[in-house]
Amino acid sequence: MRDGLLPIFLTGAAGFIGFHVARKLLGDGFQVVGLDNLNDYYDVSLKEARLIELRKFEHFQFIKSDLLNCPLMEEICEKNNFGRVIHLAAQAGVRYSIENPRTYIDSNIAGFLNILECCRKYQVPHLIFASSSSVYGSNHKQPFSEEDFVDKPVSLYAATKKSNELMAYAYAHLYGLPVTGLRFFTVYGPWGRPDMAVFKFTKAIFDGKPIDLYNNGNMKRDFTYIDDVVDGIVRLFAHIPTTRNAVPFRLYNIGNNHPIDLTRLVSAIESACGRKAIKNLLPMQPGDVLETFADISRLNTETGFQPTTTIEAGVTAFIDWYRDYYGVL
């Protein structure tokens, strides 16, 4: 571990983004205490495989726990003098929130309150937490800016993420806790989530099954490659002061700033797989939006953040990983 660096508490360490952030920080010499409940929202073996990779680092410690276990959370923070808390754990998924609403309240609201309370009680110098582009709802103004009105969510998931931002603001205001919220835009890449489009489409194509294209495929997403996302987080990590009261509350979009048609995404996957997709055209689904488009000027101005990965390069990297991980020829 690099001398003089305080340990980092990272929730959601076995998750997609959490895994990549942890691996980057560990590679940079930080000590990381990772927490995850390893729930079965998607394949637990993928989460366990990510942990195997993280355990190769000497300064990684993993704790399996739920965010609702407040006594354990306080015990972790009391034992460690954390320099930062990076809170990426959450119940994800727009459509799943329609079927299982209580799960989102437990994890994303009550769980986040426990994080805030621990940061307040143990005087954590800086909290970074995951919000989502979903907070923009059906906003018609493009691109989406951090200054936009976001009080009309179209899913419970989005409502919980907007609630997180409001809760964080209140704690920053009341207790001088420096808090940074990150609105992620459709992150994809190696070790990605099986419920996301790039993963789902790739699996379906290799399995010879149809892919579902909602709104007949007439949708756009600001697909953002995982390495670009990690670069943005690390830049903020170095940019935001850790002195309490220095930066009470900030929000940043982390996106590609270049929306992609689903048809172009499918073409990129077909090309990388060397196979054609069977397309199942479906109507728009509840909770979905037609387009996401990130205004990243705030993050660019303050840190120099600029995504560099094209959808074709990112999809190819993902499918190379997929072939290797699943043994697909």
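Quick caveat: nothing in here was measured; it's all calculated off a predicted structure.

Trainee: Mind laying out the overall build of the chain, listing which residues take part and the relevant values?
Mentor: Along the chain, the regular secondary structure elements total eleven helices and 13 strands. By the compact-globule yardstick of 20 Å for 329 residues, the chain fits well, its C-alpha radius of gyration being 19 Å. Expressed along its principal axes, the backbone C-alpha trace of the chain runs to roughly 55 × 45 × 40 Å. Counting only contacts in the chain whose residues sit at least 6 apart along the sequence, the fraction spanning at least 24 positions is 84%. Accessible surface, the chain as shown: approximately 14,000 Å² in total, 51% of it carbon and sulfur. Here the chain contributes 34 positively and 36 negatively charged side chains, and the mean placements of these two sets differ by 1 Å.

Trainee: Would you mind going over the environment of Ile-296 in detail, with residue names and values included?
Mentor: Along the chain, Ile-296 turns up in the loop between β13 (278–282) and α10 (297–303). In this structure, the C-alpha to C-alpha distance between Ile-296 and Ser-145, residues 151 residues apart in sequence, is 7.7 Å. The contact partners of Ile-296, leaving out residues within four places of it in the chain, are Asn-253, Gly-255, Asn-257, Phe-305, Gln-306 and Pro-307.

Trainee: For helix α3 (residues 70–79), give the residues involved together with the corresponding values.
Mentor: The periodicity of an α-helix, 3.6 residues per turn, causes residues three or four places apart in sequence to face the same way. Among the residues of α3, Met-73, Ile-76 and Cys-77 are the ones counted as buried. Around the axis of α3, the buried residues are gathered within 95° of arc, so they sit on the same side. In α3, the exposed residues that point more than 90 degrees away from the buried face are Pro-71, Glu-78 and Lys-79. In this fold, the buried residues of α3 make contact with β1 (8–11), β2 (32–36), β3 (60–64) and α5 (101–121). Two to three positions downstream of the cap, the backbone nitrogen of Leu-72 sits 3.2 Å from a side-chain oxygen, assigning the N-cap of α3 to Asn-69.

Trainee: Report on the nonpolar core, specifying residues and quantitative values.
Mentor: Within the largest apolar cluster, 74 residues are counted, with the highest numbers of intra-cluster contacts made by Ile-17, Val-21, Leu-25, Ile-86, Phe-184 and Leu-265. Ranked by residues supplied to this core, first place goes to helix α1 (residues 16–27) with seven residues. With residues near it in sequence (within four places) discarded, Ile-17 still touches Leu-88, Phe-184, Val-187, Ile-226, Val-229 and Ile-233. By size, the runner-up hydrophobic cluster in this structure holds 27 residues, among which are Phe-9, Leu-35, Cys-77 and Leu-177.

Trainee: Summarise the environment of Val-328; cite the residues concerned and give the values.
Mentor: Locating Val-328 in the fold gives a position in the segment after α11 (311–326). Through-space distance from the C-alpha of Val-328 to that of Asp-207 is 10.0 Å; in sequence the pair is 121 residues apart. Residues in contact with Val-328, not counting those within four places in the same chain, are Phe-206, Tyr-322 and Arg-323.

Trainee: Describe the pairing of strand β11 (residues 249–254), listing the residues and the values that go with them.
Mentor: Of all six residues making up β11, five are buried, and the element is well covered by its neighbours. With six bridges connecting them, strand β6 (residues 179–184) and β11 associate as parallel partners. Counterpart to Val-179 in the pairing with β11 is Phe-249.

Trainee: Which residues make up the pairing of strand β4 (residues 84–87), and what values do they have?
Mentor: Alternating residues of β4 divide into Arg-84 and Ile-86 and Val-85 and His-87, and every residue in both groups is buried. By the bridge criterion, four bridges tie β1 to β4 in an arrangement that is parallel. By the bridge assignment for β4, Ile-8 is matched with Arg-84. Both β4 and strand β5 (residues 127–132) contribute to a ladder of three bridges, which runs parallel. Bridge assignment links Val-85 to a residue of β5, and that residue is Leu-127.

Trainee: Outline the sheet that holds β11, supporting the account with residue identities and numerical values.
Mentor: Ordered in space as β3-β2-β1-β4-β5-β6-β11, the seven strands form an open sheet in which the pairing is parallel. For this open sheet the edge positions go to β3 and β11, each flanked by a neighbour on one side alone. Averaged over all adjacent pairs, the angle separating strand axes in this sheet is 20°, with direction ignored.

Trainee: Give a detailed account of the packing of α1 against helix α2 (residues 44–54), specifying residues and quantitative values.
Mentor: Following both chains from N to C, one finds α1 and α2 inclined at 5°, their axes separated by 10 Å at the closest point. On the basis of their axis angle, the class for α1 and α2 is roughly parallel. Contacts from Phe-16, Phe-19, Ala-22, Arg-23 and Leu-26 in α1 reach Arg-50, Glu-53 and Leu-54 in α2.

Rules of the game
Residues numbered from 1 in each chain as written. Predicted model: local features only at pLDDT ≥ 70, side-chain atom pairs only at ≥ 80, totals over all residues. Heavy atoms only, no water. Helix = DSSP H or I, 4+ residues; strand = E, 2+ residues; numbered from the N terminus. Rg over C-alpha atoms; globule rule 2.2 N^0.38 Å. Contact = heavy atoms within 4.5 Å. Areas by Shrake-Rupley, 256 points an atom, 1.4 Å probe, with all protein chains shown as cover. Lys, Arg positive; Asp, Glu negative; His and termini not counted. Charge placed at Lys NZ, Arg CZ, Asp CG, Glu CD. Buried < 20%, exposed > 50% of the residue type's maximum accessible area, 1.4 Å probe, protein only. Arc of directions from axis to C-beta. Polar contact = N/O pair within 3.5 Å; in protein donor to acceptor, adjacent residues only side chain to side chain. Core = buried A, V, L, I, M, F, W, Y, C linked by side-chain atoms within 4.5 Å. Pairing = 2+ DSSP bridges. Axes fitted to C-alpha atoms, helices over the stretch in contact; angles between N-to-C directions. Parallel < 35°, antiparallel > 145°, perpendicular 65-115°, else oblique.

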